[in-house]
Every structure is written in C-alpha cells, then in structure tokens.
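Reading the structure
Residues per chain, in single letters:
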Amino acid sequence: MAPTTTPTITPTPFPPTPVPDTSPEAFTFTLEQPTYARSAEVLTNTVTIAGINTQAPLVVSAGAEYSIASGDFTTGNTTIANGQTLQIKTQAGAEFGDEVAITVSVGDYETSFTVVTVPQDITPEPFSFAAKTDVDLATAYTTSATITGINDAAPISVSNGEYAIGDGDFTSAAGTIESGETVTVKVFSSTNFSTETAAVLDIGGVKGTLAVTTLAQDIEPDAFSFESVMDADLNTVYSADAITISGINDAAPIVVADGEYAINDQPFTSEEGTVQAGDNVVLRLTSAATANTVAMATLTIGGIANSFSVTTVKDLQAPTAKIAFPPPTAKTANTSVIVRGSAEDNLSQITDLKIFVNGQDSGASIESTDNFATWRTQLDLLEGDNAITIVVTDEAGNVNSEAAAVNMRREPYANPFPHEGVDFGWSRTVVVDDTTDSPRLLIGRRYYYDGKIRSVDLVTGIRTELNITGLPTDNVSTESMALDKKGNALYVLSTAPGDQFIYRVDLTSLEVTHSMALADKLAEPDRFGLRRMVVDRDTHDEGRILIAMIYDNMIGAVDLDLTNFWVFSSNSMPDAGVALDSPTDIKLVPDAHRLLVTNSANGQILEIDPISGFRSIFADPAVSTETNTWDKAAGLAFDVYHGRNRAIVTGYGNRDTLLAVELNTGATHLFSEMDLNLMFDLNFGIAIHADYDYLFIYDFVIRTVFAVDLESGQRVIISKSNDALPR
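As the structure is a prediction and not an experimental result, all values here were calculated from the model.

About the criteria used
- Residues numbered from 1 in each chain as written.
- Predicted model: local features only at pLDDT ≥ 70, side-chain atom pairs only at ≥ 80, totals over all residues.
- Heavy atoms only, no water.
- Helix = DSSP H or I, 4+ residues; strand = E, 2+ residues; numbered from the N terminus.
- Buried < 20%, exposed > 50% of the residue type's maximum accessible area, 1.4 Å probe, protein only.
- Contact = heavy atoms within 4.5 Å.
- Areas by Shrake-Rupley, 256 points an atom, 1.4 Å probe, with all protein chains shown as cover.
- Lys, Arg positive; Asp, Glu negative; His and termini not counted.
- Salt bridge = Lys/Arg side-chain N within 4 Å of Asp/Glu carboxyl O.
- Polar contact = N/O pair within 3.5 Å; in protein donor to acceptor, adjacent residues only side chain to side chain.
- Pairing = 2+ DSSP bridges.
- Axes fitted to C-alpha atoms, helices over the stretch in contact; angles between N-to-C directions.
- Phe/Tyr/Trp six-rings, centres within 6.5 Å; stacked < 30°, edge-to-face > 60°.
- Lys NZ or Arg CZ within 6 Å of the ring centre and 35° of its normal.

1. Here we look at the overall build of the protein chain
Broken down by element type, the protein chain carries 0 helices and 58 strands. Seen through its C-alpha atoms, the protein chain measures out along the principal axes to roughly 215 × 70 × 65 Å. Residue burial in the protein chain is summarised as follows: out of 727 residues, 48% are buried. Partitioning the intrachain contacts of the protein chain with sequence separation of at least 6 by distance along the chain shows that 57% fall at a separation of at least 24. A total of about 33,100 Å² of accessible surface is found on the protein chain, and carbon and sulfur atoms cover 47% of it.

Structure below.
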C-alpha cells in the first residue's frame, strides 16, 4: 500500500469587508393634489430606495404610515433595503386650512412633505330659477336646484316664500344646506291680476329669485247662446237650457233685460250680479200675452250678450164667451133684460163683442172696462122668444158666431113657463142637485101627502115629477129638504099636517133608507114646527142634521142615520143669552165653520157657535135706516163664490126685495129692487151654488122659480106653473 500523501491546501483570500452605506440617494415624496378635504386619506408617490448597501433604518413621523415593497401600511420603526419601494399614507387635517407636516428618514437621509387641508368654501356655484308668467291667482308654485361649489354647510334663508331641502318640510326659517342637496323654493302668487310675486333664496351670499307673475284679468266669457222657442203658449214662463260659464278667470258682471236668470239653482232674479267660471246659468222669460208675438230676454256677461226669444203660437182659434145672466132658458114680463158675462181669448185681444137676437145684430151697446173679460148690457126684448147669441171677434180676425147663447121669452108674468102642467106646491126650500150630468132644482110640496117632489132642469126649466118610494106612512109631505152629497142622500122633513118625520132618501133610487119620528120632540106637534135644516159634516165629528124648530125656539140635532135626537141650542141651552125668536132657517157658511140662524119674529140673524151652541146677534136689520122696514127673516143662503162675501136672506112680507148681510161685518142693505112686473109674494125658498152667478128663489104663492142676478139683483123666471091664486 502506497503511502498516503497529504495534499497541500492553499487558502483563498477573503475579499475585503465593505464599508456599510446607509445613505440612500436623494428621493422626494410628492402629492397628487395641492390640498385635500378635511381628514382625507393622503397617499404619496412611491419611491425606490437606492444607494445603500445595507439595511437602513426607516423612521416616519407620527400620524403617517408606510408601505415597503407594496406591503401593508404600518407604523413603527423598521429598516429598508436597497431597491425596495416606499410609499407613505397619512390623513389631512380635520379643520379647514390645516397643514400636516410628515418627515421620513432613511438612514441618514431625511425628507418631508406637507399635507394642506382645503380652505372653507360656503359660497355655492350660482343657481337660478326660471320665472313663471300667466300663473293662477293665490296659488303655490315651486321649483328646485341642486347646490354645488361648497365644502361646508352654507347658511340658507328665504324672503317672501318658503324652501324645503330634499324631502323635508317647507319652512321660512333660516338654516343650512350641504353641497349636493336639492333645495325647493315655494312662492304664493298674488291675489291680484298681472302682479309679480318673488321669493329670494340666499345661500352663502349667492341669491336666486323665483318670480311668478299672475295672469291678466279676463272677464269676457266664451261665446254662449240660447235656442229659440216657437209656438209657445201665451203668458207662460219659459226657461232656456242652462249654460256653463267658461273663458273667464274672475267674477264677471251679469245683467239681464226683459227676463230673469238663476245661478246654480239659486232663486231667479232680474238684479245685476256676478258669475264665476263653471257657474250654471238659466235664463227665463214670460211669453207674450198675445199670439204670434216675440218676447226676448237678453243676458249680458262681461260684455258678451246673447238673447233668448220665445214666439207665441199663431192665433187660429176663435175667442169664447159665457153668459153669467140670464140663465139658459128664462122669461120676463119686462121689455128688457140685463145680459152680462165674460169673454176669453187665450191667444189674442178681443176686439169686438156683439149680441144677436133671433139671428139679427141687436145693436146693443156693450159696457166693458177690461177688454170684454167682463161685459154687460141692458138688452131690449121682442115679444115672445128671443134667441140671444154672443158673437166675439179677436184681433187676429177669428170670429166665434155662437160663443154663448140663452133664450129669453118676453110674455105676461102669469103665464106658465116653459110649459103648463106639473104644478108646484107650497115649499120652503129649493135644493140645487149637481150630482147628475144634468143639474136640477129639487122642490118639495106641502099639503100633498104622497111623497112627491118637483125637479126643474136648470138648462130648459122643464118640470118633472119625482116619486119617493119606501115611505112608511101615507102622510108624507116634502116641503123642507137638504142635500147630503157626500152621503148621496136627500133628507126630507115631512112637516105638519104631514107625519112629522125626517127621512133619509137615497139620491139615486129615491128610496127611503132611514126615518125617524119627530112629533114627540115638538111642544106643539100639530103645528108646522119643523122649518128648515142643514147637513153639517164640517163642525161635528160624526156628522149631524140641524133643524130649525120655530115654535119650540130651538135648534134640534139628529145624527145622519136618524137614530138619535138631541137639543143643540135653545133659550135655556147652553144659556139664556141671546134668544131664538121663531127660528126659521139654519145654514153653515161654506168653508168657514160658522152657523147662522134667521129669527122670523124680529128679523135678526144670529150666529151660533157650532160646538157649544152659544148664540150671539150677528146682524139686525132694524138698526140700519136702509133696512129697518125689512121684516121677518125666513130663509138664507151664502153668496161667497164670485168675489163676494155675504148672506142673502128672504123674508115674510118683503115682496119687494131681499136682504144682503156682509159676512165680515154684519152690515145689512137691501138687494134686488122691487119689480112690479116680477114681484115676489112669499119667496121662502132660496139657494146659491158655486156654479151660478145668480141665486134661486122659490115663491110658493105664485109657484115660481126665480133667478136673481147676484150682481145687479135683476130677476127673471126659470120655471113657473099655474099660480096658487089667480092673477
């Protein structure tokens, strides 16, 4: 084995140890912007450390952080190697204009930079609000702007308006606003037309104005019109279709001529007024009182006018006339008679009225003060029959040659009329029966005990005989009667020397349905003590019949079914005050709840309270010089249907006249002058009816039904049989 050789090792020399170098090449931190917002994060540029050969200490002043080689930012002392990057992060000051100085040292190299906070800016960028014109009155208007150019809360205030920030409430109090917030300004327009109102918003000294100018006043409405009416009725109110007012912005004056207007269903007026837009206006007028005539109402609103015209129908219709007196068929022994009546034309004025007799123009002079609405004449009569016809003409030339007609016979008083036979008898009542299509008078008979009555046709005067059936006795007179239309009944008093019963008779069949003996109610049953009666359904709940009982000086009462009799009023009931002195008639004033009674002995008319029976003097002819010779009241009726308000009274022995008593005062005067050619004898029966302007008198001595004109008092004969006594 060869011997081991130990190699020779030559040591490698070590390089010289370098001298540590921690002084980097100079570097500078720069900032992206010269100033920063308050407390903003600030990053410097990134620098690369060069010129050192060893780890160099890194020191950053308080308030800053560093990042080495893009690592996380941190604080605290450390070292940095050559070639590594370095970035600094800090925060701007919290106050405007703050300066934050940051020092960075690497090794023995030191550099610094300063972060400057922006100065305060509360002056915004200019803002403005567009003006508004032609705006409505008293209306809120708004507009908005977004505020920029400030970096702090800027003071905000408003004058003559309000503002709201974002969704906040509107206010007029001062406040603050931040950049980027939206502010809305509100201003109320003026209450006057053509007037500007401005709200001024002030933010940090910068002002914006919202100006609104109201529209100009306009009281001239949009055009309106009314549709005309043709063929209108006379003297009738017509209304045009309503118009709705538009095109105005203020109250416009409204004026009407020859008509009336109503706004929004308010009452019609012809006074000046005002209307607003949206109002409904109705115009009306009254058509002319004559035919083929235009009536026009003109409505003017704010200077715009239009008319509503109504044209009445053409007059192709002849006028009409009525004869109020004499009756349709009558006679007189006189040489003339009053003819009076009325005429009417709904379309034109009446220009002429003539009276023809037997087909010839009478030439009579017609008296009228109201264009023939009422007229009269005293017409001469020929011997015998006089067919009287009224001929009327209107201004349109229409003629009615048979407008109305009556027949008057001129002949001696004593002659029967219109025929002989079916003689009347004694009777104290005449009843107007209008319950059938042919109105009639019903007149009873005394001293005939067969229950028969006389009927007189009111158109012809013809007399017929009617028989009451179902009579319980054969001793029935019919001298006094009363009609009960509601009960369709005729009540009959069978007076002495009859059986002294009261009967209820069905008006259609003339059959007796009820009866009651009254002889035992009379102090003197053999005398003619039952005179007249009235059916009273108005003042007594159950209805009753009141009977004048002459010799008992009493008003008796019977129920309508003739089951019960009682004393309603006597000289001892309800007291012994004003005396009944031979009462002959009792009547109820129509629609007045007043009872009047005639006293035969002294001619007085008493009023009796319908409830208590208390009596008072209503009228006494003896106290008037005009009527103090008038004697012994017999029957009465009421003339209250044609503008008068009186009672007419017949009397014993007063052959020349009737008595009129004013119902409102009790004053008396004579009515119907004495007529020697048509003298009354014993005119006991009297009736007045709403359908006739004359009263009916029955005289049982001359057995005649008279018609007495309620205006003039003139008499004619409707029906006459042979006299009771020769003349």
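There's more to say after this.
2. Some thoughts on the side chain of Asp279
Counting through the fold element by element, Asp279 comes out in the loop between strand 23 (273–275) and strand 24 (280–286). Comment: no salt bridge for buried Asp279; closest opposite-charge side chain is Arg284, at 18 Å. Engagement of the side chain of Asp279 in a polar contact is seen with the side chain of Asn264, the distance being 3.0 Å. Polar side-chain contacts of Asp279 include one of 2.7 Å to the backbone nitrogen of Gln276. With sequence-adjacent residues up to four places away left out, Asp279 is seen in contact with Ile243, Thr244, Ile245, Ile263 and Asn264.

3. Some details on the environment of Asp231
Looking at where Asp231 falls in the secondary structure, it is placed in strand 18 (residues 229–232). Sequence separation between Asp231 and Leu507 is 276 residues; the distance between their C-alpha atoms is 48 Å. Excluding residues within four positions of it along the chain, Asp231 makes contact with Thr311, Thr312 and Val313.

4. Description of unusual backbone geometry
Going from Phe417 to Pro418, the amide bond is cis rather than trans, its omega being -5°. Within the secondary structure, Pro418 is located in the loop between strand 34 (399–410) and strand 35 (430–433). Positive phi, close to 45°, is recorded for Asn553, a residue that is not glycine. Structurally, Asn553 is set in the loop between strand 44 (544–549) and strand 45 (554–559). Backbone geometry places His593, a non-glycine residue, at a positive phi of 55°.

5. A few points about the sheet that holds strand 43 (residues 530–536)
Pairing is antiparallel in the open sheet, where 4 strands are placed in the order 43-44-45-46. Here the strands that pair on one side only, and so sit at the sheet edges, are strand 43 and strand 46 (565–570). The sheet shows a mean angle of 25° between the axes of neighbouring strands, direction not considered. In terms of strand pairing, strand 45 meets strand 46 through 5 bridges, oriented antiparallel. Along strand 46, the bridge assignment pairs Met554 with Ser570.

6. Description of the sheet that holds strand 37 (residues 452–457)
With respect to topology, 4 strands assemble into an open sheet ordered 35-36-37-38, the strand pairing being antiparallel. Of all strands in the sheet, those bounded by a partner on one side alone are strand 35 and strand 38 (463–467). Here the average twist between neighbouring strands, direction ignored, is 30°. Direction of pairing for strand 35 relative to strand 36 (residues 440–443): antiparallel, over a ladder of 4 bridges. Bridge pairing in strand 36 places Val431 opposite Leu442.

7. Structural notes on the pairing of strand 11 (residues 140–146)
Where burial is concerned, the two faces of strand 11 differ: the one with Tyr141, Thr143 and Ala145 is buried and the one with Ala140, Thr142, Ser144 and Thr146 is not. Summarising the sheet, strand 11 and strand 15 (residues 182–188) pair through 7 bridges and their orientation is antiparallel. Residue Thr143 lies in a different strand from strand 15, and its bridge partner there is Val185.

8. Concerning the packing of aromatic side chains
Under the criterion given, the structure shown has 17 aromatic pairs. Relative to Phe226, the ring of Phe224 has its centre 5.8 Å away and its plane inclined at 65°; by these criteria the two rings are edge-to-face. Side by side, Phe224 and Phe226 carry an identical accessibility label, which is buried. Against the face of Phe424 rests Arg463, its NZ or CZ located 5.6 Å from the ring centre.

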